Every structure is written in structure tokens, then in C-alpha cells.
Amino acid sequence: MDLTVATYIVYLAITIALTVWVGRTFSRAGLVFLSEIFHGDQKLAEAVNHLFVVGFCLVNLGFDALWLRYGPAVADTRGLFEALSVKVGTVLLILGAMHLLDILVLNRYRRRALTDLASQLGLPEASAPSR
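Residues numbered from 1 in each chain as written. Predicted model: local features only at pLDDT ≥ 70, side-chain atom pairs only at ≥ 80, totals over all residues. Heavy atoms only, no water.

A. Focus on the packing of helix 1 (residues 3-37) against helix 3 (residues 77-121). Axis separation between helix 1 and helix 3 bottoms out at 10 Å; the angle between their running directions is 15°. The pairing of helix 1 with helix 3 is recorded here as roughly parallel in orientation. With respect to the hand of their crossing, helix 1 and helix 3 are arranged in right-handed fashion. (Axes fitted to C-alpha atoms, helices over the stretch in contact; angles between N-to-C directions. Helix = DSSP H or I, 4+ residues; strand = E, 2+ residues; numbered from the N terminus. Parallel < 35°, antiparallel > 145°, perpendicular 65-115°, else oblique. Left-handed = near helix turned anticlockwise from the far one by under 90°.)

Now the structure itself:
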């Protein structure tokens, strides 16, 4: 088997596993934020959470597939590891950026929900409940 093909197989195995793991982590942790944002409406929070995770996985798996073809042909074992480090490292950076974006978006919606709740209760914004 050509070492370039072996690199592709290992790269895909690693990046698909990482994407699924990070997506599941987002799903578990994000559900808490979404439940608060939707004022305890668990069914709505779960639905939105699932849509976020599907979108996250589609974007990342799409990037993984497109990124597969970039890089030089692999001639030896050293080249295999170097190619994998660049490819997987880039995917990890993208996953990290997606994670940061996810946290920022969820926090923004959480703050908005808390402000709305405070105004409904007639509390000043500074008195909004926080967790």
C-alpha cells in the first residue's frame, strides 16, 4: 500500500473520532446552557442542541474531507508522521476554534435570556440571577 494512502486512512480515522468525541462533549455540556436559555424547556433545548451538534459535525467532517487532499506525497515513515502532524494539528485548531465560537454564542444567548428574565421579574439588570 502507498504510504500516502496509509496517511489518508490514519488521518481520517483520527479526525472522524475527534470530531465525534468533541461533538458529543458539546452535546452534553451545551444542553445545560440551552436549557437555561430556553427557561427550562428541556424538549426545545434538546432539539436545538441536536441541531447544533449536527451542524458542527457537518462543518468539521466537510473540512476533514477537503483537507485530505492537501499536502505532499508521502515517501517514507517520517513523511507519514510529518503529514499527519500537520493535517491533524490543523483539524485540532479548527475544532478548538469551533469550540470557542460555540462557547461565545451560548454565553451570549445565556446573557440575553438572563436579561429577559430579569426584566420579566421587574429586577434591574445587575440583579439578574446568575449561575
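B. Representation of the packing of helix 2 (residues 42-67) against helix 3 within the structure. Interaxial distance between helix 2 and helix 3 falls to 11 Å at its minimum, and their mutual angle equals 155°. As the angle between them shows, helix 2 and helix 3 are arranged roughly antiparallel. The element helix 2 and its partner helix 3 pack so that their crossing is right-handed. Here helix 2 contributes Phe52, Phe56, Val59, Asn60, Phe63, Asp64 and Trp67 to the contact with helix 3, which in turn contributes Val86, Lys87, Thr90, Val91, Ile94, Leu95, Met98 and Leu106. In terms of residue class, the contact of helix 2 with helix 3 is made up of eleven nonpolar, two polar and two charged. (Contact = heavy atoms within 4.5 Å. Nonpolar A, V, L, I, M, F, W, Y, C, P; charged D, E, K, R; others polar.)

C. Local environment of the pattern of salt bridges. Counting across every chain of the model gives one salt bridge. Between Glu82 and Arg78 there is a salt bridge; the shortest N-O distance is 2.8 Å. Within this pair, Glu82 and its partner Arg78 are both found in helix 3, separated by four residues, close to a single helical turn. (Salt bridge = Lys/Arg side-chain N within 4 Å of Asp/Glu carboxyl O.)

D. Representation of the environment of Ser119. Within the secondary structure layout, Ser119 lies in helix 3. Note on Ser119: relative accessible area 52%, which makes it exposed. C-alpha of Ser119 to C-alpha of Leu44: the two residues are 75 residues apart in sequence and 22 Å apart in space. (Buried < 20%, exposed > 50% of the residue type's maximum accessible area, 1.4 Å probe, protein only.)

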